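Geometric and topological summary
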Amino acid sequence: PERALADPSMAAARRAVDLILAGHMPYPAIAVDRWWNLVAHNPAMAPLLAGVDPALLQPPVNPLRISLHPRGLAPMIVNAADWRAHVLARLHKQVQVSGDVRLAALFDELRALPHAGEGGHDAAAPDLGGVAMPLLLRVGGQVLHLISTITVFGTPVDVTLSELALETFFPADDATAAWLRRAAGTA
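Analysis parameters
Residues numbered from 1 in each chain as written. Predicted model: local features only at pLDDT ≥ 70, side-chain atom pairs only at ≥ 80, totals over all residues. Heavy atoms only, no water. Buried < 20%, exposed > 50% of the residue type's maximum accessible area, 1.4 Å probe, protein only. Helix = DSSP H or I, 4+ residues; strand = E, 2+ residues; numbered from the N terminus. Pairing = 2+ DSSP bridges. Expected span 1.5 Å × (residues − 1). Arc of directions from axis to C-beta. Contact = heavy atoms within 4.5 Å. Polar contact = N/O pair within 3.5 Å; in protein donor to acceptor, adjacent residues only side chain to side chain.

Burial of the side chains of strand β1 (residues 29-32) extends over both faces: Ala 29 and Ala 31 are buried on one face and Ile 30 and Val 32 on the other. Here β1 pairs with strand β5 (residues 165-171) via four bridges, running antiparallel. From the neighbouring strand, Ala 29 faces β5, where its bridge partner is Thr 168. Strand direction decides the pairing type here: β1 and strand β2 (residues 38-41), joined by three bridges, are antiparallel. Among the inter-strand pairings, Ala 31 is bridged to a residue of β2, identified as Ala 40. Joining the antiparallel neighbours β1 and β2 is a turn of five residues, in which Trp 36 adopts a positive phi near 65°.

Structural data, given as structure tokens:
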């Protein structure tokens, strides 16, 4: 069956998702549906979204849109060209595998957004040997070095859970880890 994660019959699954998000503190983590719409997040996301246009934070909130939109995180992403290419390639692969028209529309929308890196502040991210695409995010005067992982439930018994993904962000250096711990303490 397919039910919303907010459905009372999904309470145990929602608790599991919330436990994972809370357990990832003080580092940011989100849960998204198959169209990359935000389902849940932990409090560590708030400091990273402080400069995002409030209109982009109205439901349905789409983290991919936020990351590439010129009124979202795109102007704050130091390695904007690399990040954009990474996001679009990942989404394009999902479109090819699924044939989902909503994902295809999202891909077309994101591809049409202006490139944030064209303003000249784009910088190359450190090479992590293809294991991860770093996200270099300027928040205030600090450049945060983040990597992320995507987790899916391997043996779901519900369509909702089979289409849910958890994206967890990790600090890629000590300075970022310290900043995230301080920010979580004030969130």
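Structure's up, so let's keep going.
To continue, consider helix α4 (residues 101-112). For α4, which comprises 12 residues, the first-to-last C-alpha distance of 17 Å matches the rise-based estimate of 16 Å (1.5 Å per residue) to within 8%. Within α4, the full set of buried residues consists of Leu 103, Leu 106, Phe 107 and Leu 110. Projected down its long axis, α4 shows its buried positions confined to an angular sector of 100°, all on one face. The exposed residues of α4 that point more than 90 degrees off its buried face are Val 101 and Ala 112. Tucked inside the fold, the buried residues of α4 contact α2 (63-68) and α3 (80-98). The backbone nitrogen of Arg 102 lies 2.8 Å from a side-chain oxygen of the residue at the head of α4, namely Asp 100.

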